[in-house]
Structures are given as structure tokens and as C-alpha cells.
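Below are the chains, spelled out letter by letter.
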Amino acid sequence: MKVTNAEFTISAVGPNQYPTDQKVEIALSGRSNVGKSSFINRLIQRKSLARTSSKPGKTQTLNFYHINDLFYFVDVPGYGYAKVSKKEREKWGKMIEEYITTRENLELVLILVDFRHEPSTEDVQMREFLEYYEIPYRIIMTKCDKIPRGKWNKHVSQIRKAFGKPPEELFLTFSSETGEGVEKAWEWIESIVLEEE
């Protein structure tokens with residue numbers, strides 16, 4: 001998909017702030033520093049539409065990005081490193097859970113994990129949560145450029161195993177630096193967005 005129009009729409013904390021135009025939404029979930037903003041920016045070929053931060057945990061709202069007047073990327077607060085109180089984390093958890101379980105426009109969740117490390121407990125819980133609610137998901141393994149290609153199979157196997165060995169076609173190695181995986185990611189997205197047209 002050639003992106004000709006991409007804009008940040010709104011930071012929402014509840015349903016009354018979600019966009020009302022009934023477009024398909026694709027949510028991005030993952031640890032605070034896994035590269036969700038970099039993933040969005042690489043796909044739309046813009047350097048800084050999605051705000052990246054050197055401070056993990058900066059995203060504290062559901063950030064909606066309107067792409068080509070067709071669909072939204074929804075960047076959800078990262079889990080893991082954020083130096084916030086337990087109460088604040090619980091608030092985020094409720095906000096994300098409410099969005100995922102009640103939002104009819106949500107068609108796909110992309111779980112982003114760092115290719116260099118085993119998935120966190122929260123990553124695995126997110127996958128189980130999505131399976132329970134029968135919400136389609138894919139797993140994007142980011143920062144694959146940081147691992148020599150000869151070791152990719154080993155890392156893919158470890159990550160799949162941690163997730164309970166879902167089918168291989170649900171996984172994608174991705175690099176916002178080299179563009180690895182961009183075409184495949186767009187194939188996934190287009191198959192959902194264009195089907196809803």
C-alpha cells in the first residue's frame with residue numbers, strides 16, 4: 001500500500017474519545033521500548049508521525065493514527081519498563097482491556113516483541129487474552145537487524161516456544177532500520193483493511 005496520507009488523530013483514554021467513523025483499527029501492543037512507533041513510521045515512510053521516545057513508557061493513552069483515510073493504527077501503552085505507580089499501571093490495564101474487548105472496529109492486534117529476547121510474561125498473557133476473546137493477532141519480531149541472519153531460526157524457535165508454538169505464519173521478522181518485513185506486514189494489513197472496504 002502506498003501511503004499518501006497519514007495523520008495523528010487523537011489520544012484517547014476511553015470510548016467517548018474514540019473516532020466515530022467506523023474505520024478498521026489495527027492495534028499495536030508490546031513492551032515500552034519494543035519499537036511500536038518506529039514500526040508505524042517505517043510502514044508509512046515518515047520519520048516522526050508516531051512519536052518515538054528515549055524514555056520508555058511515554059505512551060500513556062491510546063494513540064490513533066489515520067492512514068490513507070482507510071484505517072487506523074492504534075498505539076497502546078507499552079508494558080514493562082514504564083516507571084509509573086502500580087495504580088497507574090492498573091489504570092492503563094483497564095483502559096487497554098476495555099478497548100480490546102469492546103471495540104467492534106478492532107480487526108487485528110499486532111504483538112511486537114524484541115527479536116533479541118524471549119517474550120515477556122505480559123507478551124504471553126496478551127496472546128492468551130486475545131485468543132480467549134477470539135481477536136485475530138500477529139506477532140512482529142522487531143529489531144531483527146541486531147541479530148546475525150544465521151541465528152534467526154534459533155531466535156524464531158525460542159520466541160514461538162515461549163508463546164506456546166502458534167503457527168509460523170503468524171510470525172514476522174521486522175526491522176525499522178533495514179525494512180525487513182515491511183512488505184509482509186502490509187500484506188497482512190491490506191488483507192484486513194481492503195476486505196472491509
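Small disclaimer: the values here were computed from a predicted structure and weren't measured. (Residues numbered from 1 in each chain as written. Predicted model: local features only at pLDDT ≥ 70, side-chain atom pairs only at ≥ 80, totals over all residues. Heavy atoms only, no water.)

## Describing the nonpolar core
Inference 1: Tyr99 and Ile111 are the most contacted members of the largest nonpolar core, which has 33 residues in total.
Inference 2: Going through the elements one at a time, β3 (62–67), β4 (71–75), α2 (86–102), β5 (106–114), α3 (121–132), β6 (137–142) and α4 (152–162) are the ones with two or more residues in this core.
Inference 3: Excluding anything up to four places from it in sequence, Tyr99 contacts Tyr18, Glu25, Ala27, Leu62, Phe64, Val74 and Leu106.
Inference 4: Core analysis: the next-biggest nonpolar cluster, separate from the first, contains 28 residues, Ile26, Ile44, Leu112 and Ile192 among them. (Core = buried A, V, L, I, M, F, W, Y, C linked by side-chain atoms within 4.5 Å. Buried < 20%, exposed > 50% of the residue type's maximum accessible area, 1.4 Å probe, protein only. Helix = DSSP H or I, 4+ residues; strand = E, 2+ residues; numbered from the N terminus. Contact = heavy atoms within 4.5 Å.)

## Digging into the confidence of the model for the chain
Inference 1: Across the chain, the average pLDDT comes to 87, with 88% of residues at 70 or higher.
Inference 2: For the stretch residues 53–58, pLDDT sits under 50, and the model shows 8 contacts to residues farther than four places along the chain or on other chains. (pLDDT = per-residue confidence, 0-100.)

## Section: α4
Inference 1: Among the residues of α4, those classed as buried are Trp152, His155, Val156, Ile159 and Arg160. Buried residues of α4 fall within an arc of 130° about the axis and therefore sit on the same side. Counted as exposed and oriented over 90 degrees from the buried face of α4: Asn153, Lys154 and Lys161.
Inference 2: Looking at the packing, one finds that the buried side of α4 touches β5, β6 and β7 (171–173). (Arc of directions from axis to C-beta.)

## A look at the pattern of salt bridges
Inference 1: Under the criterion given, the structure shown has 9 salt bridges.
Inference 2: Residues Lys36 and Asp75 are paired through a salt bridge, measuring 3.9 Å at the closest nitrogen-oxygen approach. Of this pair, Lys36 sits in helix α1 (residues 36–44) while Asp75 sits in strand β4, placing them 39 residues apart in sequence.
Inference 3: For Lys36, a relative accessible area of 6% corresponds to the buried category.
Inference 4: Judged by relative accessible area, which is 1%, Asp75 ranks as buried.
Inference 5: The partner of Glu187 in a salt bridge is Lys184, with the nearest N and O atoms 3.9 Å apart. Separated by 3 residues within a single helix, Glu187 and Lys184 lie in helix α5 (residues 182–196), roughly one turn from each other.
Inference 6: Taking the relative accessible area as the measure of exposure, Glu187 reaches 46% and is therefore partly exposed. (Salt bridge = Lys/Arg side-chain N within 4 Å of Asp/Glu carboxyl O.)

## Some thoughts on the environment of Ile111
Inference 1: Assignment of secondary structure puts Ile111 in strand β5.
Inference 2: By relative accessible area, Ile111 is classed as buried at 0%.
Inference 3: Each C-alpha atom of the pair Ile111 and Asp123 lies 7.2 Å from the other, and the pair is 12 residues apart in sequence.
Inference 4: The residues touching Ile111, leaving out its near neighbours within four places in the chain, are Ser29, Tyr79, Asp123, Met126, Arg127, Leu130, Tyr137, Arg138, Ile139, Ile140 and Phe163.

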